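# Summary of structural features
Each chain, letter by letter, is given below.
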Amino acid sequence: MSEISNQAKIHFERLGHTLYQNRLKALFVAFLFVGLLVYQIPKITIDTSAEALLRKNDPSLLRYNAFRDQFGRAELIIIAVKAPEVFDAGFLAKLKSFHGDLENEVPYIREVTSLINARNIRGEGDVLFVEELLGGWPEKNIDLASLKDFVLKNPLYQNHLISEDGRITAILIETEASISKSVSEEDLLSGFEEDTSPTENGSKNPHYFSEKENREVVEAVNRVVDRYQSTDFILALSGGPIIVDAFNRATLSDIRFCIALSMIAVTFFLAIFFRRISGIILPMTVIISSMVSTMGLMALCNVPIKITTTVIPGFLLAVGVADSVHILAIFYRSLKQGKSKEDAIAYALGHSGSAIAMTSLTTAAGLLSFSFAELTAIAEIGVFAAAGVILALFYTIIMLPAIIALFPIKEEHSTGADIKSSLMDRILLSVSSFSTSHPIKILAVSLVMFFVSIVFILQLRFSHNVIHYFPDTMAVKKDLFFIDKELKGTITLEIILNTNKENGIYEPAILSRIEKLSRSIESINNIDIFVGKVFSINDIIKEINQALHGNDTAYYTIPQARKMVAQELFLFENSGSDDLERIVDSQFQKTRITIKTPWVDAIICNNFIEDIKNRFNDVLQDKADITITGGMALMSRVIMAAIYSMARSYVIAFLVITLMMILFIGNIKIGLISMIPNLLPILIIMGIMGFAKVPLTMNTLLIGSIAMGLVVDDTVHFIHNFQRYYKETEDAHEAIKETLLSTGRALLITSLVLATGFFVLMFATLNHLVRFGFFTGMAILIALLADFLLAPALMILVTRRKQKMNT
């Protein structure tokens, strides 16, 4: 293995000379490549919806798409309106105007529902009328006191369009499930000229409602809301589309702000460490090139930024800094020792090139293990973070030496920087002395920390609730809690009941079971979740039955004759209402049952869904099949898939990194032992999270993988250089001292820079980024201590035993 290492060193030195002599060509190729990828960046989008986190062939997503195709979009925009008196002519006039402006100004609308156009079924003899509640008002006089009494007693309206106390009313906005845009007349005519059917050219292929359309809708809604918001017309907005849009905007804002702050922090540390303009500009060129190239690659592949991939820019910043600092630290030291610029470049590449390649390949391989995850959001981290690592390696090995060759760099002799360097040397020598003198004590303390961490790791709990990511001061969070409290829910679980036969929904036995289930489900009210309302075809049937019996509330029931059910639904269809399209299929074989609940944690959703499934199975008793879908089902699927995917990917990543460490180091025992300083920091951080009651979310689950990818770099550099110096001196103490004096400097500064780069995430708006930044930064600092103390102690114990065996 040492022969391979020597050959790699020679090849990297030759590469350094070649790049110096062909620096313009190398830079042209590198910057052309960067430019092509940067050109794609304006196309990148952000999508943090639950649908975007799942693979396109995921069964849960396929079920949801089938639901959208049949019944339309499940998620609604809910606007709660609070006023001194809802049933006041002035208020209702303003509500009608507000309702009309929403219909006219918001794109992609399927329907806007409020008290203005709420379904009102009444009968006159055997004639059924399906009208809008305030149809014809104010031209048609309506007694407002009677209206109030009617609305508050109507089961359909309660906790749907009006709060239980009548103080708050709601406007519900349903958008189209899929979008199909027409092409121009010229394109249509050209299609006929080419003898192509108009249906093929008349419109583009429809696509499901996306982040782009959602943003347009929310922006339009906000414009109308801003015009109407007043002290006597207080508006609160919520629902899935509102939450997703707010999260997308906050994510984009946080990414921009934190990247800028990270750049400032990195610049500060590079200035302190190198005290040269080139020591700032050169690494920043590699860092920026790596980040923008990876973002451009994501845009090129039409992959939007998701809740998980928000960590990629910070991660690549860390990788780019680490690679550049290792090269520049050796280059500047060689230059100071009298080498020419060309020889210093070649020596720096020969000294650190193979170690950088080893760390990059190891990190990339570990990250690629996540590409097999069930969640596309986690798989994309594996693919694009790995691609970013390889790009950073390419820019460090090719671009950086070429820029160094062109950049005017002065040779610096003894200055105040040397005094600072000697201070760092004294610190590193003290660390070397302590770690080599007390290996047993260090190992014992590490074992205690390991077992204590395991105890608290077992106390960790899983969680996924986007609402908890928002700070308490954000309006979107306040509005959601307000609507959940007053209107009993903002998210729905959809049940598709399939009787497996045409007109099976007409069966009173099926309808009675649905009624029994509705009452049972509406009674759910525990500490974790409650049910605000259940909607089903029974609501329509009971309204019709009541209307056809002189509007007598005693007949708000399900008819027990199949023929009667069929006749009543036939009358409703002929009334002109299209409400049945949203609740049953055309053959009356399937029907939709909607359960509205407050927005809760996905883990709670998972337990709730299991409860609902059991209730349906117990009551239906094989009389019908059910399919569970909707926004809540997707959230539940996301967290469960994340838990399974991350557990499997962690195991694969650990095995892959361990194998590559063994291959690169060339020694099975040392390769296995070298994983201890990599794993211990992660276990300690997870233990701290367990102690602090910090849940494992979609982002905190990534801390271990990101941290492992970073900390393994430092360990590889330490072991690589230790082996080199141990081979030269055959003295472990001396080898550790030389390793810390050479590589230790770069490890110290890169760890400080990396930790600071992640700590700046604590200034983000979203809480999940704050936690991710803090715990990842802490993991890097603990890993530095492990490489400075535990790794040397382990090398002392391993070589001591080897020497005893030889004697």
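One structure accompanies this document, and this report is about it. (Residues numbered from 1 in each chain as written. Predicted model: local features only at pLDDT ≥ 70, side-chain atom pairs only at ≥ 80, totals over all residues. Heavy atoms only, no water.)

## Some thoughts on the sheet that holds strand S12 (residues 625–629)
Note on sheets: strands pair through backbone hydrogen bonds, and any given pair is parallel or antiparallel. Condition: We treat two strands as partners when DSSP finds at least two bridges between them. For helices the rule is a DSSP run of H or I covering at least 4 residues; for strands it is a run of E covering at least 2, with both sets numbered from the N terminus onward. For helices, the axis comes from a line fit to the C-alpha atoms of the stretch in contact; other axes are also lines fit to C-alpha atoms, and the angle between any two N-to-C directions lies between 0 and 180 degrees. By definition, residues are in contact when any of their heavy atoms lie within 4.5 Å.
In spatial order, the strands read S10-S11-S9-S12; together these four strands make up an open sheet with antiparallel pairing. Among the strands making up the open sheet, the edge pair consists of strand S10 (533–535) and S12. Pairwise comparison of adjacent strand axes, ignoring direction, gives a mean angle of 20° for this sheet. As judged from the five bridges shared by strand S9 (residues 491–498) and S12, these two strands associate in the antiparallel manner. If you follow Leu497 over to S12, its bridge partner there is Ile626. Together, S9, strand S11 (590–597) and S12 form the strand contacts of helix H4 (residues 59–71), whose direction differs from that of S12 by roughly 100°. In this fold helix H22 (residues 602–620) packs onto S9, S11 and S12, with an angle of close to 25° to the strand it touches most, S9.

## Looking at the pattern of salt bridges
We count it as follows: By definition here, a salt bridge exists when the distance from a side-chain nitrogen of Lys or Arg to a carboxyl oxygen of Asp or Glu is within 4 Å. For every residue, the accessible area obtained with a 1.4 Å probe (protein chains only) is divided by the maximum for its type, and the residue is called buried under 20%, exposed over 50%, and partly exposed between those limits.
Tallied over the full model, the rule gives 32 salt bridges. Close ionic contact of Arg122 with Glu131 constitutes a salt bridge, the shortest N to O distance being 2.8 Å. Since its relative accessible area comes to 25%, Arg122 is described here as partly exposed. The salt bridge partner of Arg582 is Asp578, with a shortest N-O separation of 3.4 Å. Overall, Arg582 belongs to the buried group, its relative accessible area being 12%. Residue Asp578 is classed as partly exposed on the basis of its relative accessible area of 34%. Residues joined in a network through salt bridges with shared partners are Arg110, Glu111, Glu174, Asp578 and Arg582.

## Observations regarding the sheet that holds strand S8 (residues 234–238)
Ordered by their spatial adjacency, four strands build an open sheet running S2-S5-S1-S8, and the pairing between neighbours is antiparallel. In this open sheet, the two strands that pair with only one neighbour each are strand S2 (109–113) and S8. For this sheet, the mean inter-axis angle between neighbouring strands, taken without regard to orientation, is 15°. By the bridge criterion, four bridges tie S2 to strand S5 (residues 168–175) in an arrangement that is antiparallel.

## Digging into empty space enclosed by the protein
Basically, it comes down to this: Buried and open spaces are told apart on a 1 Å grid over the protein atoms alone, a cavity being a set of points where a 1.4 Å probe fits but cannot get out and a pocket being an open set with protein on both sides within 12 Å along at least five of seven lines. Residues with an atom within 4 Å of a point are the lining residues. Grid points are joined across faces, edges and corners, and a volume is the space filled by probe spheres set on the points. The residue classification treats Ala, Val, Leu, Ile, Met, Phe, Trp, Tyr, Cys and Pro as nonpolar and Asp, Glu, Lys and Arg as charged. All others, Gly included, are polar.
The final tally for this structure, using the stated rule, is three cavities of 30 Å³ or more. For the largest cavity, the calculated volume is near 140 Å³. Forming the walls of the largest cavity are 16 residues, and the residues nearest its centre are Cys258, Ile259, Thr310, Gly314 and Leu761. For the lining of the largest cavity, the secondary structure elements donating two or more residues are helix H10 (240–274), helix H12 (312–336), helix H27 (732–759) and helix H28 (767–806). No other element matches the five residues that H10 contributes to the lining of the largest cavity. A per-class count over the lining of the largest cavity returns 11 nonpolar, four polar and one charged.

## Topic: the nonpolar core
Let me state the cut-off plainly: In plain words, nonpolar cores are sets of buried Ala, Val, Leu, Ile, Met, Phe, Trp, Tyr and Cys residues tied together by side-chain atoms within 4.5 Å.
Of all hydrophobic cores here, the largest spans 266 residues; its most connected members are Ile79, Phe98 and Leu493. If one sorts the elements of this core by residue count, helix H14 (residues 376–406) sits on top with 19 residues. Residues within four places of Phe98 in sequence aside, it is in contact with Ile79, Ile171, Val224, Val225, Tyr228, Phe233 and Leu235.

## Quick word on helix H5 (residues 89–105)
Short version of the rule: For a helix, the expected span equals 1.5 Å multiplied by the residue count minus one. Distance and chemistry together define a polar contact, namely a pair of N or O atoms within 3.5 Å, with one atom able to donate a hydrogen and the other to accept it when in protein, and with adjacent residues in sequence counting only for side-chain atoms on both sides.
Across its 17 residues, H5 extends 24 Å between first and last C-alpha, which sits within 8% of the 24 Å expected from 1.5 Å per residue. For H5, the elements touching its buried residues are strand S1 (77–82), S2, helix H6 (144–153), S5, helix H9 (211–228) and S8. Near the N-terminus of H5, the side chain that reaches the backbone nitrogen of Gly90, with its oxygen 3.0 Å away, is that of Asp88.

## Overview of the packing of helix H2 (residues 23–38) against helix H11 (residues 278–300)
To be explicit about the condition: The labels follow the angle: roughly parallel below 35 degrees, roughly antiparallel above 145, roughly perpendicular from 65 to 115, and oblique for the rest. For any pair of crossing helices, the crossing counts as left-handed if the nearer helix is rotated counterclockwise from the farther one by less than a right angle, and right-handed if it is rotated clockwise.
Here H2 crosses H11 at 45°, and the two axes come no closer than 7 Å. In terms of their interaxial angle, H2 and H11 are classed as oblique. Two packed elements cross with a definite hand, and for H2 against H11 that hand is left-handed. Of H11, the residues touching H2 (which contributes Phe31, Val34, Leu37 and Val38) are Thr285, Ser289, Val292, Ser293, Gly296, Leu297 and Leu300. Among the residues forming the contact of H2 with H11, the class breakdown is seven nonpolar, four polar and no charged.

## What about the environment of Ile529?
For Ile529, the location among the structural elements is in the loop between helix H19 (508–522) and S10. For Ile529, a relative accessible area of 4% puts it in the buried group. If we skip the residues at most four places from it in the chain, Ile529 touches Ile524, Thr597, Val600, Ile604, Phe608 and Met632.

## Quick word on the packing of H12 against H27
Angle between the axes and distance between the axes are the two parameters that describe a pair of packed helices. Taken N-terminus to C-terminus, the directions of H12 and H27 make an angle of 155°; their axes are 9 Å apart at the nearest point. One element, H12, and the other, H27, form an angle in the roughly antiparallel class. Of the two elements, H12 crosses H27, and the hand of that crossing is right-handed. In this structure, H12 uses Gly314, Phe315, Ala318, Val321, Ala322, Val325, His326 and Arg333 to contact H27, whose residues at the interface are Leu741, Ser742, Thr743, Ala746, Leu747, Ile749, Thr750, Val753, Leu754 and Phe758. Its residues assigned to classes, the contact of H12 with H27 comprises 12 nonpolar, five polar and one charged.

## What to know about the pairing of S1
In the case of a regular strand, side chains alternate between the two sheet surfaces. Of all six residues in S1, five are buried, a share of seventy percent or more. Relative to S5, S1 runs antiparallel, the two sharing six bridges. Along S5, the bridge assignment pairs Ile78 with Leu172. With five bridges connecting them, S1 and S8 associate as antiparallel partners. Its bridge partner lying in S8, Ile79 is registered against Leu237.

Interpretation note: all reported values are geometric properties and have no functional meaning in isolation.
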